[in-house]
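# Breakdown of the fold
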Amino acid sequence: MGEGSTRRVVVLGASMGGLLAARVLADRYAEVLLVDRDEVTGVSGYRPGVPHGRHAHGLVARGYQILESQFPGLTDDLRAAGVVPGDFSGDIRWYVDGQRMLPSRSGLVSVPATRPVLEHAVRNRVQAIPNVRVLERHDIVGLVTTPDRARVIGARVQRRAEDSREEVLDADLVVDATGRGSRTPAWLAALGYQRPAEDRVKIDLAYTTRHFRLPEDPFGSDLAIIPAATPTSPRGAFFYRVPGDGGVVELTLTGILGDYPPADPEGFLAFVRSLPVPDIYRAVQDAEPVDDAVTFRFPASVRRRYERLTRFPAGLLVMGDAVCSFNPIYAQGMTAAALGSLVLAEHLRHGEPQPVAFFRDLARQLDSPWDFSGGADLGYAGVEGKRTAKIRFANAYVARLQRAATRDARLTDAFIRVAGLIDPPSSLMRPATMLRVLRHGRPRATNHTPARPGQLLGGRS
Ligand SMILES: Cc1cc2nc3c(=O)[nH]c(=O)nc-3n(C[C@H](O)[C@H](O)[C@H](O)COP(=O)(O)OP(=O)(O)OC[C@H]3O[C@@H](n4cnc5c(N)ncnc54)[C@H](O)[C@@H]3O)c2cc1C
C-alpha cells in the first residue's frame with residue numbers, strides 16, 4: 001500500500017462514520033470510493049438517509065479536537081457557514097435539575113453547528129481529497145466474496161433509477177459505515193459466519209424538534225441553553241441558533257421511557273413549559289414557528305460485539321453506528337466514529353487491517369463512552385439492567401458532583417471534560433475533586449416543580 005498503490009477501498013455509507021474513515025483510508029489506498037443511497041454532494045440540508053440529522057447534534061470536545069486535527073482549518077470553514085465557536089463551559093448554559101452549572105473557561109471548543117452543516121463541512125473536505133470519489137444515489141445491496149467466502153472482494157450496488165441493474169464494485173477492502181441499520185450481521189450469517197452478539201440498553205427515548213424565528217435573542221453572548229435530562233428531571237432540551245440563518249433557532253426536546261415530546265403545536269409548547277428551566281418557554285411561547293415539529297424515536301442503545309468473534313472474513317471492517325449506537329442525549333456518536341477512524345489509521349500503518357485485531361482495539365475505545373452512557377441510563381429507575389454497586393455509587397456521585405457544580409465552576413470543568421471524552425470518568429474521583437464535591441454537593445431546595453405527576457421516573461438508584 002501507500003503511494004503508487006493501485007488498491008481500492010469501498011466505503012459503504014457517506015455520512016459521518018464513512019467520511020471520517022475515508023479521510024484516513026485516503027492516506028493509504030490509491031482510491032477511496034464512498035457509496036450512499038442519498039444525493040450528498042453539496043447537500044447542506046436534511047437528507048432522508050440520515051433522518052436523525054433533523055435533530056440537535058452537538059460535537060463533544062474530543063470529537064472537535066479530532067476533526068480539527070484531521071481537517072486543519074475546519075473551524076474556519078464552519079465559521080464561514082455562520083457557526084460561532086465558543087467555550088464548552090463558559091459559553092453554554094448547562095442546567096441540571098433546574099440549576100445552572102457555574103460557567104468557567106474550560107479552553108474546550110464548542111462548534112454549535114446543526115448536523116447537516118457539520119456533515120457538509122466535513123464532506124467538502126473529504127471530497128477535496130484527490131483520491132476520494134463518491135458514488136451517490138446507489139443502494140448497497142450486498143457483499144462479494146471469494147468462492148471460499150474467506151475474503152470480501154467487493155460490494156454489490158444498484159443505482160436508484162428505473163431499469164438500473166446491480167453492479168459490482170471490486171475492492172481490496174470494504175468498510176461498512178451504513179449506520180445503525182447495517183446489514184453486516186445478516187450478511188455474515190448468510191456467508192456462514194456468526195452474527196455478533198448485541199448489547200442493548202432499552203431507553204425508549206424520543207427527540208422532537210422544531211425551528212422558530214425569535215423576535216428577541218435569548219442567548220446574549222451564550223451559544224446554547226441546555227437543560228440536561230437527569231433521573232430527577234428526565235425531560236431535556238437543546239436550544240441554540242441555526243448557523244447562518246439570522247434569528248432562527250433549533251429547539252430539540254427529549255423524553256425518555258415513553259415520555260415522548262409531542263409534535264402537535266400545543267403539546268410541544270406544553271412540554272417546553274414543563275422543562276425545569278423557564279428561559280426556553282419564555283423565548284418560544286410567542287415565536288413564529290418556521291416548520292412543523294418532527295419526532296425521532298430511539299428505542300435502545302445498541303453495541304455489536306464484533307470484537308468477540310473469532311472468525312471474520314478478511315477485507316471487511318465495520319465502523320461508526322454500525323458497531324455502536326449510543327443514547328444520543330450524551331452526544332457521543334460522532335466522536336466515537338472519530339475515535340474509530342483513529343484506530344483505523346493506526347492499523348493502516350501496518351498494512352491491511354486485520355478485522356479481529358481492529359475490532360478489539362476499536363472496542364477498547366468504545367468501552368469508556370459505552371459504560372459512561374449505559375451506566376448513567378441505569379440511573380433512571382425504569383431502564384432495565386443490572387445495577388452493580390459500582391454503577392449505583394457512580395450515579396449517586398455524579399448527581400452530587402453536578403449539584404456541586406452549580407456552586408463550583410471547577411467541577412463544571414471536570415464534568416465537561418469527562419462528558420466531552422477528554423478525561424476518563426476515573427478523573428472525577430481525584431481526591432481534590434472529591435473534596436470539592438463533598439464540600440459543595442449538599443442538596444438545596446430547587447425552585448422548580450416537576451412537570452406533572454408521574455413524570456418523575458425515579459431518583460438515581
Ligand atoms: C436523534 C439523534 C441525535 C443525535 N445527537 C448526537 C449528538 O448530539 N452528538 C453526536 O456526536 N452524535 C449524535 N447522534 C449520533 C450520530 O448521529 C451518529 O453517531 C452518527 O450519525 C453515526 O454516523 P454513521 O456514519 O456511522 O451512520 P449514519 O449517520 O446513520 O449514516 C449512515 C449512512 O449510510 C447510508 N446508508 C445506509 N444504508 C444504506 C444502503 N443500504 N445503501 C446506501 N446507503 C446506505 C445512509 O444514507 C447514511 O448516509 C445522534 C443520533 C440520533 C439518533
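On a predicted model such as this, the values are computed, not experimentally measured, just so you know. (Residues numbered from 1 in each chain as written. Predicted model: local features only at pLDDT ≥ 70, side-chain atom pairs only at ≥ 80, totals over all residues. Heavy atoms only, no water.)

### Concerning the sheet that holds strand β10 (residues 166-170)
Working definition: the strands of a sheet are paired by backbone hydrogen bonds and lie parallel or antiparallel to each other. Keep this limit in mind: The rule for pairing is simple: two strands pair if DSSP sees at least two bridges between them. Here a helix means four or more residues in a row that DSSP labels H or I, a strand means two or more in a row labelled E, and each is numbered from the N terminus. Between N-to-C directions, angles span 0 to 180 degrees; the directions come from axes that are lines fitted to C-alpha atoms, helices contributing only their stretch in contact.
Pairing within the open sheet is antiparallel, and its 3 strands lie in the order β8-β9-β10. Two strands close off the open sheet at either side, each with one partner strand: β8 (138-145) and β10. Ignoring strand direction, the axes of neighbouring strands in this sheet form an average angle of 30°. Across 5 bridges, strand β9 (residues 152-159) lies against β10 in antiparallel orientation. Directly across from Gln158, in β10, lies its bridge partner Glu166.

### Let's talk about the environment of Gly315
What counts, and what does not: Throughout, a residue-residue contact means that at least one pair of heavy atoms, one from each residue, lies within 4.5 Å.
Of note, Gly315 is situated in the loop between β17 (294-304) and β18 (316-318). On a C-alpha basis, the gap between Gly315 and Asp172 in space is 6.4 Å, while along the polypeptide they are 143 residues apart. For Gly315, the residues in contact, after removing those within four places along its chain, are Arg151, Val152, Asp172, Leu173, Val174 and Glu352.

### Let's talk about the packing of helix α1 (residues 16-25) against helix α4 (residues 115-127)
So the rule is basically this: Any angle from 65 to 115 degrees is called roughly perpendicular, while one under 35 is roughly parallel, one over 145 is roughly antiparallel, and all others are oblique. By the definition used in this description, the sense in which the near helix is turned from the far one sets the handedness, with an anticlockwise turn below a right angle giving left-handed and a clockwise turn giving right-handed. Residues are grouped as follows: Ala, Val, Leu, Ile, Met, Phe, Trp, Tyr, Cys and Pro are nonpolar; Asp, Glu, Lys and Arg are charged; all remaining types, including Gly, are polar.
It is the contact of α1 with α4, at a shortest axis distance of 10 Å, that shows an interaxial angle of 25°. Here α1 is positioned roughly parallel relative to α4, judged by the angle of their axes. Taken as a pair, α1 and α4 cross one another with a handedness that is left-handed. Note on element contacts: α4 touches α1 through Arg115, Leu118, Glu119, Val122, Arg123 and Val126, opposite Met16, Leu19 and Ala22. The class makeup of the residues in the contact of α1 with α4 is 6 nonpolar, no polar and 3 charged.

### Notes on the site of the ligand
As a reminder, the rule being used: The cutoff for a nearby residue is simple: one of its non-hydrogen atoms must lie within 4 Å of the molecule or strand. The definition of a polar contact used here is a pair of N or O atoms within 3.5 Å, where within protein one atom must be able to donate a hydrogen and the other to accept one, and adjacent residues in sequence count solely through side-chain atom pairs.
Taken together, 31 residues sit near the ligand, with Ser15, Asp36, His57, Gly58 and Asp321 positioned nearest. One nitrogen or oxygen atom from the main chain of Gly333 is found 3.4 Å from an oxygen atom belonging to the ligand. Along the lines of polarity and charge, the residues of the shell around the ligand split into 11 nonpolar, 14 polar and 6 charged.

### Considerations on the sheet that holds β18
Across the sheet, which stays open at both edges, the 5 strands sit in the order β7-β2-β1-β11-β18 with parallel pairing between neighbours. Of all the strands in the sheet, the pair left with one neighbour each is β7 (132-135) and β18. Averaged over neighbouring strand pairs, the angle between their axes works out to 20° when direction is ignored. Bridge analysis of strand β2 (residues 31-35) against β7 gives 4 bridges, and the strand direction is parallel. Directly across from Val32, in β7, lies its bridge partner Val132.

### Observations concerning the nonpolar core
In globular proteins that are soluble, nonpolar side chains generally tend to be buried together. Note the following rule: Joining through side-chain atoms within 4.5 Å is the link that ties buried Ala, Val, Leu, Ile, Met, Phe, Trp, Tyr and Cys residues into a set, and such a set is a nonpolar core. Working definition: with a 1.4 Å probe on protein chains only, accessible area under 20% of the residue-type maximum means buried, over 50% means exposed, and in between means partly exposed.
Counting 116 residues, the largest nonpolar core has Leu25, Leu34, Leu67, Leu78, Val175 and Leu344 as its most contacted members. If we ignore the near neighbours within four places in the chain, the residues touching Leu78 are Val83, Val111, Ala113, Val117, Leu118 and Ala121. If you look at the next biggest cluster of nonpolar residues, it comprises 21 residues, including Val277, Ile280, Val284 and Ala287.

### Structural notes on the side chain of Ser325
Residue placement: Ser325 occurs in strand β19 (residues 324-325). Not counting the four nearest positions on each side in its chain, Ser325 is found in contact with Arg180, Phe298, Ser301, Val302 and Trp370.

### Structural notes on the environment of Arg23
Its place among the elements puts Arg23 in helix α1. Separated by 108 residues in the primary sequence, Arg23 and Asn131 have C-alpha atoms spaced 10 Å apart. Those residues in contact with Arg23, other than ones at most four positions away along the chain, are Gln70, Phe71 and Ile129.

### Observations regarding the pairing of β2
Worth spelling out the cut-off: If you view a crossover with the strands going away from you and the path from the first strand over the helix to the second runs clockwise, you call it right-handed.
A large share of β2 lies buried, amounting to 4 of its 5 residues. In this sheet, β2 lies alongside strand β1 (residues 8-12) in parallel orientation, the contact comprising 5 bridges. Residue pairing for β2: Val9 is matched across the bridge by Val32. Once you follow β1 into α1 and on to β2, the crossover reads as right-handed.

### Quick word on helix α9 (residues 355-377)
Note the threshold: Helices are assigned an expected span. That span is 1.5 Å times one less than the residue count. The angle between axes fitted to the seven residues ending at a residue and the seven residues starting there is what we call the bend at that residue.
Taking 1.5 Å per residue, 23 residues should reach 33 Å; α9 reaches 30 Å between its end C-alpha atoms and fits that length. A bend of about 40° at Leu366 is the largest found in α9, and the proline Pro369 appears one to four places after it.

### Quick look at the pattern of salt bridges
Any two side chains of opposite charge can pair, on the condition that their charged atoms come close. We count it as follows: Here a salt bridge means any side-chain nitrogen of Lys or Arg lying within 4 Å of a carboxyl oxygen belonging to Asp or Glu.
Considering all chains together, one arrives at 29 salt bridges under this definition. In this structure, Arg8 engages Glu31 in a salt bridge whose closest nitrogen and oxygen atoms are separated by 3.6 Å. Here Arg8 is found in strand β1, whereas its partner Glu31 is found in strand β2, with 23 residues between them in sequence. For Arg8, a relative accessible area of 17% translates into the label buried. With its nearest N and O atoms 3.6 Å apart, the salt bridge here joins Arg93 to Asp279. On the criterion of sequence distance, the pair formed by Arg93 in strand β4 (residues 92-96) and Asp279 in helix α7 (residues 278-284) is long-range, its members being 186 residues apart. When sorted by exposure, Arg93 lands in the same class as Asp279, which is buried. One salt-bridge network, held together by shared partners, links Asp36, Asp38, Arg47, Arg115, Glu119 and Arg123.

### Quick look at the packing of aromatic side chains
Operational definition: Pairs were defined over the aromatic rings of Phe, Tyr and Trp, the Trp ring being its six-membered one, requiring ring centres within 6.5 Å. Orientation was assigned from the angle between planes: stacked under 30 degrees, edge-to-face over 60, tilted for the rest. Geometrically, a lysine NZ or arginine CZ counts as sitting over a ring once it is within 6 Å of the ring centre and also within 35 degrees of the ring normal.
Under the definition given, this model contains 10 aromatic pairs. For the ring pair Phe219 and Phe239, a centre distance of 5.0 Å and an interplane angle of 40° mean the geometry is tilted. Placement of the pair is Phe219 in the loop between β12 (198-213) and β13 (224-228) and Phe239 in strand β14 (residues 236-241), with a sequence separation of 20 residues. For Phe239, a relative accessible area of 0% corresponds to the buried category. It is Arg180 that lies over the ring of Phe298; its NZ or CZ is 4.4 Å from the centre.

### What about unusual backbone geometry?
The phi angle at Leu257 is positive, at roughly 55°, despite the residue not being glycine. Mapped onto the elements of the fold, Leu257 is located in the loop between β15 (248-255) and α6 (265-273). Owing to a relative accessible area of 23%, Leu257 belongs among the partly exposed residues under this scheme. One non-glycine residue, Leu421, adopts positive backbone phi at about 60°. Along the polypeptide, Leu421 turns up in the loop between α11 (409-419) and α12 (431-440). Residue classification places Leu421 among the buried positions, given a relative accessible area of 13%.

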